[in-house]
Amino acid sequence: MTDVVLPCRNEAPALPSLLARMPAGYRAIVVDNGSTDGSAEVARAHGADVISVAEPGYGAAVHAGVLAADPADGVVCVMDADGSFDPGQLPAVARPVRDGEAELAAGRRRPAARGVWPLHARAANAVLAGRLRRTTGLPVHDIGPMRAARRSELLALGLRDRRFGYPLELLIAAGRAGWRVVEVDVDYLPRAAGTRSKVTGSVLGTARAIRDMSRVLAR
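Here's what I pulled together on the structure shown here. Every chain is numbered independently, its residues counted from 1 as its sequence is written. Restriction of local features to residues with pLDDT of at least 70 applies here, the model being predicted, together with a cutoff of 80 or more for giving and counting side-chain atom pairs; totals for whole chains, interfaces and linings are based on all residues. As a convention, hydrogens and water are excluded, and side-chain values are obtained from all of the structure's heavy atoms.

Quick look at the pairing of strand β2 (residues 26-32) now. Three exposure classes are used, based on accessible area relative to the maximum for each residue type with a 1.4 Å probe and protein chains only: buried under 20%, partly exposed in between, and exposed over 50%. Numbering of helices and strands starts at the N terminus; helices are DSSP runs of H or I of at least 4 residues and strands are runs of E of at least 2. β2 sits mainly inside the fold: 6 of its 7 residues count as buried. Pairing between two strands requires that DSSP report at least two bridges joining them. Looking at chain direction, strand β1 (residues 2-8) and β2 are connected through 7 bridges and run parallel. Residue pairing across strands places Thr 2 opposite Tyr 26, the latter belonging to β2. Handedness is read with the strands pointing away from the viewer; a crossover is right-handed when the path from the first strand over the helix to the second is clockwise. Remark: the β1/helix α1 (residues 15-20)/β2 crossover connection has right-handed handedness. Both β2 and strand β3 (residues 49-52) contribute to a ladder of 4 bridges, which runs parallel. Counted as the bridge partner of Val 31 is Ile 51 from β3. With respect to chirality, the unit in which β2 leads through helix α2 (residues 39-45) into the neighbouring parallel β3 is right-handed.

Okay, here's the thing in structure tokens:
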């Protein structure tokens, strides 16, 4: 059974459909990070394992979910819980890690509809990815929120960021550790009605993510 960590803050409208489409052999771990809309209860009602994390931040939620993942399978996946990704594509993302072709597989977002990736967020992502390629040499074009790695190796990296800088810190640490990193194209879908991205949903959210990631780059 492959565990899928779903960091979650007020994603109740997205969870029923998302959890119903989880592929066979993949177990959802919803990490509730201070939701006020009943996300945890909805997740439990639809068969997910749920843990709660009081410390705010994307990195805090992901780290707690990875710790909670069963080490037996070895591979752990991470995916946003707002409906913007198709869980049916998780096996394709996990495959390079499972087959020993890479230590980290990262989803490269391909917009499936107009307007799903606002210009301000896409531009910021491109700038950060460009800086990452120059500093690490990794062939990465997206600092995206869908990925797969082996649980033990991921924890051994000792990632410290608990906010929006976590995905970038992961890639930097992977580059320094000599990991093979591959990108897998994944559909980037309109998020579920009633949910809002904490990063791309507003210029302020994007600015906060850039701030956190810039701090990581400056270390």
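The structure having been displayed, the exposition proceeds.
Let us look at the packing of helix α5 (residues 119-136) against helix α7 (residues 166-176). Packed helices, taken two at a time, are described by their axes: the angle between them and the distance between them. Lines fitted to the C-alpha atoms define the axes, with helices restricted to the stretch that makes contact. Angles between their N-to-C directions range from 0 to 180 degrees. Relative to each other, α5 and α7 sit at 20 degrees, their axes nearing to 10 Å. If you check the angle between α5 and α7, you find them roughly parallel. Handedness of the crossing formed by α5 with α7: right-handed. Along its contact with α5, which presents Leu 128, Leu 132 and Thr 136, the element α7 presents Leu 168, Leu 171 and Ile 172. Residue classes follow a fixed rule: Ala, Val, Leu, Ile, Met, Phe, Trp, Tyr, Cys and Pro count as nonpolar, while Asp, Glu, Lys and Arg count as charged, and any other residue, Gly among them, counts as polar. Looking at the contact of α5 with α7, its residues break down into 5 nonpolar, 1 polar and no charged. An angle below 35 degrees is treated as roughly parallel, one above 145 as roughly antiparallel, one from 65 to 115 as roughly perpendicular, and anything else as oblique. Put simply, a crossing is left-handed when the front helix is turned counterclockwise from the back one by less than a right angle, and right-handed when it is turned clockwise. Contacts: residue pairs with any heavy atoms within 4.5 Å of one another.

Turning our attention to the environment of Gly 65. Mapped onto the elements, Gly 65 comes out in helix α3 (residues 58-68). Assessed through its relative accessible area of 0%, Gly 65 is described here as buried. Contact partners of Gly 65, with chain neighbours within four places excluded, come to Val 5, Ile 29, Val 31 and Ile 51.

Think of a ball as big as a water molecule: rolled over the atoms, this probe shows where empty space is left. The rule is simple: put a 1 Å grid over the protein atoms alone, call a set of points where a 1.4 Å probe fits but cannot get out a cavity, call an open set with protein on both sides within 12 Å along at least five of seven lines a pocket, and count a residue as lining if it has an atom within 4 Å of a point. Grid points are joined across faces, edges and corners, and a volume is the space filled by probe spheres set on the points. Enumeration according to the criterion identifies 1 cavity of 30 Å³ or more in this entry. For the largest cavity, the calculated volume is near 50 Å³. Considering the residues around the largest cavity, the lining is formed by Leu 104, Ala 106, Asp 142, Ile 143, Gly 144, Arg 147, Pro 167, Leu 170 and Leu 171. When residues of the lining of the largest cavity are traced back to their parent elements, those giving at least two are β5 (104-111) and α7. In terms of residue count, the dominant contributor to the lining of the largest cavity is α7 (3 residues). Class assignment for the residues of the lining of the largest cavity results in 6 nonpolar, 1 polar and 2 charged.

Purely geometric numbers; function is a separate question.
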